[in-house]
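# Geometric and topological summary
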Amino acid sequence: MKDPRDIILAPVVSEKSYGLIERGVYTFKVHPAASKPEISDAIESIWGVTVMKVNTLNRKGKATRARRTGKAGSKPDSKRAIVTLAAGDEIPLFEH
């Protein structure tokens, strides 16, 4: 799991995440086993920016139920990273 593209899975596209971009804060879906230093190094190596802070949160998948059979299941758990960049740095992926 040392390849940066294996650690950073996808950007989070939501109204709240786009509101944070104006302050230099970006949100990503990351690998569940990734640590904060790994996430920081991956962001810096992919986009060449300086990461000031990384906050992570684990989200439990929602419970689901089949219509006819009533079998219970769940959506997969996910991990998100909220990354704060140094002043003046930005990731061009998020053009708004």
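Residues numbered from 1 in each chain as written. Predicted model: local features only at pLDDT ≥ 70, side-chain atom pairs only at ≥ 80, totals over all residues. Heavy atoms only, no water.

## Observations concerning the overall build of the protein
Scanning the protein from terminus to terminus reveals 3 helices and 6 strands. Of the regular secondary structure in the protein, the N- to C-terminal order runs α-β-α-β-α-β-β-β-β. The C-alpha radius of gyration of the protein comes to 16 Å, more than 25% above the 12 Å expected for a compact globule of 96 residues. Here the C-alpha coordinates of the protein stretch approximately 55 × 30 × 20 Å along the principal axes. Burial status across the protein gives 30% buried among its 96 residues. In the protein, of all internal contacts separated by at least 6 residues, the share reaching a separation of at least 24 is 61%. (Helix = DSSP H or I, 4+ residues; strand = E, 2+ residues; numbered from the N terminus. Rg over C-alpha atoms; globule rule 2.2 N^0.38 Å. Buried < 20%, exposed > 50% of the residue type's maximum accessible area, 1.4 Å probe, protein only. Contact = heavy atoms within 4.5 Å.)

## Remarks on the layout of surface pockets
A water-sized probe, rolled over the atoms, reveals where empty space remains. In this structure, the largest pocket spans a volume of roughly 190 Å³. Residue lining of the largest pocket: Lys29, Arg59, Lys60, Gly61, Lys62, Lys75, Pro76, Ser78 and Arg80, and that is the complete set. Here the residues of the lining of the largest pocket sort into 1 nonpolar, 2 polar and 6 charged. (1 Å grid on protein atoms, 1.4 Å probe; cavity = no way out; pocket = protein on both sides within 12 Å on 5 of 7 lines; lining within 4 Å. Points joined across faces, edges and corners; volume = space filled by probe spheres on them. Nonpolar A, V, L, I, M, F, W, Y, C, P; charged D, E, K, R; others polar.)

## Remarks on the packing of aromatic side chains
By the definition in use, this model includes 1 aromatic pair. For the pair Phe28 and Trp47, a centre-to-centre distance of 5.5 Å together with 25 degrees between the ring planes defines the contact as stacked. In this pair, Phe28 sits in strand E2 (residues 25-30) while Trp47 sits in helix H3 (residues 36-47), placing the two residues 19 residues apart along the sequence. Owing to a relative accessible area of 1%, Phe28 belongs among the buried residues under this scheme. (Phe/Tyr/Trp six-rings, centres within 6.5 Å; stacked < 30°, edge-to-face > 60°.)

## Quick look at a positive patch on the surface
Together, Lys29, Arg59, Lys62 and Lys75 make up a positively charged patch on the protein surface. Residue classification places Lys62 among the exposed positions, given a relative accessible area of 65%. (Patch = residues over 30% accessible without salt bridge, like charges linked within 9 Å, V, L, I, M, F, W, Y side chains within 5 Å. Areas by Shrake-Rupley, 256 points an atom, 1.4 Å probe, with all protein chains shown as cover. Salt bridge = Lys/Arg side-chain N within 4 Å of Asp/Glu carboxyl O. Lys, Arg positive; Asp, Glu negative; His and termini not counted. Charge placed at Lys NZ, Arg CZ, Asp CG, Glu CD.)

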